[in-house]
Amino acid sequence: MVSTGRPAMTLLLALLLSGLAGTAPAERLRVVATIPDLADFVREIGGERVEVTSIARGTENLHAVVARPSHLVAMSRADLFVQVGRSLEVSFVPGLLENARNERIRPGAPGFVSVADGWEPLDVPVELSRKAGDIHPQGNPHVNLDPRAGTHMATRVLEGLVRVDPGSEAAYRARFEAYAARLKAAEERWKAQAEGWRGKTLVSYHQEFGYLARARELEILGTIESRPGIPATPNHLTELIALMKQRGCTVIVTAPWSNNRDLKLVAEKTGATVVEVPNQCGGSEASASWIGMMDLIHARLGKALSPP
Amino acid sequence: MNPARSLTAFFLLSAAVAAQGPAFQTPGTPVYPAVPGPQADSGQADRFASVFNPAFSFIVDVVGDYVDVDGSSAESGFDADLRVLEAAAQAWVDPKAWAYFVGVSEDEGFGIEEAAIHYNGLEAIGLEHSSLRAGRFFIDFGKQMQQHVHELRTLERPLVLRAYLGSEVAGDGLQWDHWLPAGDTAAVRWSLGLFSGLLPEETEFPTADLELELAERKDFGELNFTGRVTGFADVGTSGTLQLGASLRAIPEYDALDEVNGLAAEGLESTVYGVDATYGWSDDTGERRVTLGGEALVSSGDTGFALTDPDTTPGTGDETLAVLDDSVFGYYGFADYAWSRFHSAGAQFSAAEIPDAAGSDVSELELYYTRWFSEFHRLRLVLASIADDTSADSLRLAVQYTAFVGAHGHGVNW
C-alpha cells in the first residue's frame with residue numbers, strides 16, 4: 001500500500017479535485033487479499049502479472065481490523081478479491097464490499113474467491129447461540145494456520161486468477177506447479193519436524209490454532225478466553241490452571257496480539273512456556289511469506305514441545 | 001368495449017397470475033411474491049416459508065442516573081429509564097437494493113425511527129459509486145447525526161448538536177450519495193438530501209413552548225434539504241484523517257404560540273458546520289486513539305422571545321419576537337481504547353443558545369466504557385453542564401446496552 005506523507009494536504013486536494021480523479025488503467029491484474037497470507041499466494045502464482053494489496057497487517061488482530069480509505073479504493077478497482085471466508089473477516093469485508101460497489105468481486109462473481117471453501121471445517125457449532133461466544137456458523141475460520149492447507153488455498157487462488165484472466169492461464173499454471181512443489185516439500189519438512197508431538201497438550205489464547213493442532217495431532221486443552229471472543233473470567237482461569245497442572249500441560253501458544261496479562265498469569269501459575277507465533281504472515285522478516293511463517297511456527301513450537 | 005384493450009388487459013393479468021406463485025388469488029386481492037420453501041421439491045406447497053426472512057435485531061439501552069441541579073431539589077435525584085428498546089430488520093430486496101426499518105419504544109407506544117430502502121444500481125447510468133436512499137432516515141450531517149443514541153461514544157449527543165439540530169433528526173425524503181477515489185489512499189463522498197421536514201421532535205432548549213410547524217404541502221423551494229461533502233485519507237500505515245462539511249436548511253417554517261394565539265410565519269433556519277476526525281490504531285489493531293471535533297453555525301430565525309408584561313397568559317398583552325441571529329457552537333472529543341474491551345475519553349461541547357438572554361452553555365462528559373463481549377457493554381459517565389444564565393447541573397450515569405442479532409443501520413462514513 002502506498003502511504004502519503006502529507007495526508008491533510010492530500011485530502012484537501014482530493015476534496016477540490018475529486019471530480020477529476022479517475023481510475024488509472026492498470027496493465028497488471030489488481031488483486032485485493034484480506035490477509036498477507038493470501039497476498040503471498042497471489043504473488044507466488046501471479047508473479048509480475050498481478051498487483052496485490054493486503055487489507056490486514058501481519059500483526060493485526062483480525063477481529064479488530066479497521067477499514068481505511070486505501071482499502072475502499074483498492075476494493076473498488078480490484079479485478080480479484082481473495083478472502084479466507086467462514087466469517088473470519090466479517091468485521092470488515094461486508095462493509096468494504098458493499099461500499100466498493102465493484103460488481104467484478106461480488107460474492108458469486110468470477111473475481112470473488114474464498115480459499116476456505118472445500119476445506120474440512122473444525123468446530124462447526126451444533127447450536128448457533130451467542131452463549132457460545134463469538135462463534136462462526138461455518139466453523140473455525142483460521143484455515144490459513146493449517147500447514148496442510150497450503151496447496152488447497154493456492155489452488156483456490158489459481159482458479160480465481162484463471163477465471164478473471166484466462167489469457168494468462170498457462171503462465172499462472174506454470175508458476176502454480178513450481179509453488180506447489182515447494183509447498184509439498186515444506187509440508188514434508190514440517191511433518192518431519194513435528195514427529196514426536198503427537199498427543200502432546202497445549203493451551204492457546206484464542207481458538208485459532210485448531211487446524212494446526214489437528215494437522216500435528218496435538219491436543220488443545222483449552223483457551224485463555226472463556227469463549228471465543230470473550231475475555232477470561234477469574235473462575236475460568238482457575239479451572240484452566242487446575243486442568244493444565246492435572247494434565248501436565250507446559251505450553252501456551254499465542255499470537256502477538258493476544259500475548260497479554262491473562263496469558264502471562266496462567267503461565268506464571270503453571271510454569272508453562274509461552275510460545276508466541278504469528279497468526280498471519282507479514283508481521284516480521286522471518287514470516288514474510290506463508291512458508292516462512294509456517295517454518296517459524298514449527299521451529300518455535302518444536303523448541304517448546306521437543307526440548308533437546 | 002375496445003377489443004384491443006381487453007386483449008391487452010387479459011394478457012397483462014395472465015402474466016401477473018403466472019408470476020404470483022402459489023398464493024391463491026381472487027380478483028382484487030393483493031399479489032405477493034412467491035417464496036420457495038426449504039425443501040426444493042415440496043417447498044413450493046408452502047406459502048409461509050421463512051428462508052428469505054430479513055435479519056432481525058433488537059437493542060436494549062438502559063440508563064440509571066443521579067442528577068444534581070444547583071438550587072433545585074425537584075429536578076435533582078435518582079432515576080432509571082429504559083431509554084431505548086429498538087427493534088430492527090434488514091434484508092436484501094434484490095441484488096441492487098436493501099431495505100431496513102428501525103422501530104423504537106416511545107413513552108406508551110412504538111414508533112418508526114427509520115424505514116428506508118437503499119438502491120445501488122445506478123452503474124447503468126455511469127454512477128457505479130452512487131446510491132439512493134428513500135424513506136425515513138437520520139440526516140447525513142457531520143459525524144454523529146446519523147448515529148442512533150445507543151451507538152454514540154458517550155451517553156448523549158454533543159450539546160451543540162442537540163441545541164442546533166435536535167437530539168435526533170429523521171426526515172422523510174430522498175438522499176443521493178456518491179463517492180469516488182482520489183488517488184490511491186483517499187476517497188471523497190458527498191450526499192444531497194431532500195426532505196418533507198427536518199424540524200426536530202424535541203429540542204434541548206425549548207423557547208417559549210412554541211410549536212414549530214411546516215406546511216403540509218410545499219413548493220419545491222420550501223422542501224428541507226441536507227448536503228454533506230467529506231473526504232478521508234490514510235495517514236501513514238496506522239492512521240486515518242477525515243474532514244467534512246455539512247449543511248441543513250429549512251427554508252420556511254412557522255412558530256405558533258397556541259396559548260396566547262401568537263404566530264410568526266415565513267421563518268427560515270440554516271445550520272452548517274465543518275468536522276475533522278483522526279483515528280489511529282497500533283500494530284495489533286487493539287489499541288486505538290480517536291480525536292475529533294465539529295464546529296457549527298446556526299443562522300436565520302434561530303430563537304424566540306415571548307414577553308408577557310402582566311405574566312398572565314392569554315390576556316392579549318403578550319408579544320412574540322423572533323431572534324434573527326447567527327450563533328456558534330462546537331464540540332471536541334478524545335477517546336482512547338487500550339483494548340477492544342476497554343476505552344475512556346472526554347467530550348466537551350459549548351454553544352451560544354439562541355434565546356433572549358443570549359445564554360452560553362457548555363457540557364463536559366467523562367466516560368469509561370467496558371465491553372463484556374462485542375454484544376453488550378457497560379458505561380459510566382460523569383457529565384457537567386454549565387449555563388451562564390441558568391442553574392448548573394451534574395449527572396452521574398450508568399448505561400447498559402445489549403445488541404442482539406444483526407445490527408445494520410444505514411450509516412454512511
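A quick note: this is a predicted structure, and the numbers were derived from the prediction, not measured. (Residues numbered from 1 in each chain as written. Chains lettered and ligands numbered in written order. Predicted model: local features only at pLDDT ≥ 70, side-chain atom pairs only at ≥ 80, totals over all residues. Heavy atoms only, no water.)

**Notes on the overall build of chain A**
Put simply, the rule is: Helix and strand assignments come from DSSP, with helices taken as H or I runs of at least 4 residues and strands as E runs of at least 2, each series counted from the N terminus. In this description the radius of gyration comes from C-alpha coordinates, and the expected globular size is given by 2.2 Å times residues to the power 0.38. Accessibility here uses a 1.4 Å probe with only protein chains present; expressed as a share of the type maximum, an area under 20% marks a residue as buried, one over 50% as exposed, and anything in between as partly exposed. Contacts are residue-level and defined by heavy atoms, with any inter-residue pair within 4.5 Å sufficient.
Summing up its helical and strand segments, chain A has 10 helices and eight strands in all. A compact globule built from 308 residues should have a C-alpha radius of gyration of about 19 Å, and chain A, at 21 Å, falls within 12% of that. The 308 residues of chain A split such that 57% are buried. The contacts of chain A with a sequence gap of at least 6 include a subset with a gap of at least 24, amounting to 65%.

**Some thoughts on a negative patch on the surface**
Residues and elements named next belong to chain B. Short version of the rule: Patch building starts from residues that exceed 30% relative accessible area and form no salt bridge, then joins like charges within 9 Å and nonpolar side chains (Val, Leu, Ile, Met, Phe, Trp, Tyr) within 5 Å. Only the protein chains shown count as cover for residues, and the accessible areas themselves come from Shrake-Rupley with a 1.4 Å probe. Any carboxyl oxygen of Asp or Glu that lies within 4 Å of a side-chain nitrogen of Lys or Arg is treated as forming a salt bridge with it. Within this scheme the basic residues Lys and Arg register as positive and the acidic residues Asp and Glu register as negative, but His and the chain ends are omitted. The location of each charge is read from NZ of Lys, CZ of Arg, CG of Asp or CD of Glu.
On the surface, a cluster of negative charge is made up of D79, D81, E106, D107, E108 and E201. Position of E201 relative to the elements: it lies in the loop between β7 (186-195) and β8 (211-213). The exposure class assigned to E201 is exposed, which follows from its relative accessible area of 74%.

**Observations concerning the sheet that holds strand β1 (residues 29-33) of chain A**
Residues and elements named next belong to chain A. Rules: Between any two strands, at least two bridges found by DSSP are needed for them to pair. Where helices are involved, their axes are fitted lines through C-alpha atoms of the stretch in contact, as for all axes, and angles between N-to-C directions lie from 0 to 180°.
Spatially, β2-β1-β3-β4 is the arrangement adopted by the four strands of the open sheet, whose pairing is parallel. A strand with exactly one partner marks an edge of an open sheet, and here the two such strands are β2 (50-54) and β4 (112-114). Between one strand axis and the next, the sheet turns by 20° as a mean value, whatever way the strands run. Across three bridges, β1 lies against strand β3 (residues 80-83) in parallel orientation. Bridging across to β3, V31 finds its partner in L80.

**Some thoughts on the pattern of salt bridges**
Under the defined criterion, the tally for this structure stands at 32 salt bridges over all chains. Put simply, R30(A) and D79(A) hold a salt bridge, and the shortest N to O gap is 3.7 Å. Of this pair, R30(A) sits in strand β1 while D79(A) sits in the loop between α3 (69-77) and β3, and the two are 49 residues apart along the sequence. This pair shows no difference in class: R30(A) is buried, exactly as D79(A) is. When the shortest N-O distance is used, the salt bridge between R214(A) and E120(A) registers 4.0 Å. Placement of R214(A) in helix α7 (residues 210-216) and of E120(A) in the loop between β4 and α5 (150-164) is noted, with a sequence separation of 94 residues between them. Taken together, the shared-partner salt bridges connect D61(B), D65(B), R83(B), E156(B) and R395(B) into one network.

**Section: the pairing of strand β12 (residues 288-307) of chain B**
All names here are of chain B. One ladder, built from 13 bridges, connects strand β11 (residues 262-281) with β12; its direction is antiparallel. Among the inter-strand pairings, V274 is bridged to a residue of β12, identified as A295. In this structure, β12 lies alongside strand β14 (residues 327-339), joined through 11 bridges in antiparallel fashion. Along β14, the bridge assignment pairs L291 with A334.

**A short note on the domain arrangement of chain A**
Residues and elements named next belong to chain A. Defined as follows: Where each domain begins and ends follows an automated or database-derived domain assignment. The term buried area means the drop in 1.4 Å probe accessible area that two parts suffer when joined, counted for both and summed. Nitrogen and oxygen atoms within 3.5 Å of one another constitute a polar contact, given that in protein one can donate a hydrogen and the other can accept it, and given that sequence-neighbouring residues count only through two side-chain atoms.
Domain boundaries assigned for chain A yield domain 1 (29-123 + 134-190) and domain 2 (192-305). Inter-centroid distance (C-alpha atoms) of domain 1 to domain 2 is 25 Å. Each partner contributes to the interface: domain 1 provides 40 residues, whereas domain 2 provides 30 residues. Buried area between domain 1 and domain 2, both sides added, is near 3,000 Å², and the carbon and sulfur share of it is 56%. Interface area lost by domain 1 to domain 2 is led by L122, L145 and W190, which between them contribute 27%. Joining domain 1 to domain 2, the criterion identifies three salt bridges. Across the pair D146 and R214 runs a salt bridge, and its minimum N-O distance is 3.7 Å. Along the contact surface separating domain 1 from domain 2 lie 21 residue pairs in polar contact (both at pLDDT 80 or more). In terms of residue count, helix α6 (residues 169-193) provides more of the side of domain 1 that touches domain 2 than any other element does, eight residues in total.

**Looking at the sheet that holds strand β7 (residues 251-254) of chain A**
All names here are of chain A. Ordered in space as β6-β5-β7-β8, the four strands form an open sheet in which the pairing is parallel. Edge positions in the sheet fall to β6 (219-223) and β8 (273-276), since each of these pairs with one other strand and no more. Neighbour-to-neighbour, the strand axes of this sheet turn through a mean angle of 30°, independent of strand direction. Bridging between strand β5 (residues 201-204) and β6 involves four bridges; their strand directions are parallel. Bridging across to β6, V203 finds its partner in G222.

**Some words on the interface of chain B and chain A**
Note on interface size: it is often stated as the accessible area lost on association of the parts. Contacts between the two partners involve 49 residues from chain B and, on the opposite side, 41 residues from chain A. In this assembly, chain B packs against chain A so that about 3,800 Å² is buried in total across both faces, 57% of it on carbon and sulfur atoms. Considering only the side of chain B, the residues that lose the most area to chain A are W179(B), D234(B) and R340(B), jointly responsible for 14% of the buried surface there. On inspection of chain B and its partner chain A, the count reaches four salt bridges. One salt bridge in this structure joins D234(B) and R68(A), with 3.5 Å as the shortest N-O distance. Here chain B and chain A share 21 residue pairs in polar contact (both at pLDDT 80 or more) between them. Mapped onto the side of chain B that touches chain A, the elements with two or more residues apiece are β5 (130-138), β6 (170-181), β7, β9 (224-235), β10 (239-257) and β16 (360-373) of chain B.

**Some thoughts on a nonpolar patch on the surface**
Residue and element names in this part refer to chain B. Residues Y66, F78, F328, Y330, F348, L364, L366, L382, L394 and L396 make up a contiguous nonpolar surface patch of roughly 930 Å² in combined accessible area. Mapped by element, the contributors of at least two residues to the nonpolar patch are β14, β16 and β18 (393-405). Mapping Y66 onto the fold places it in strand β1 (residues 55-69).

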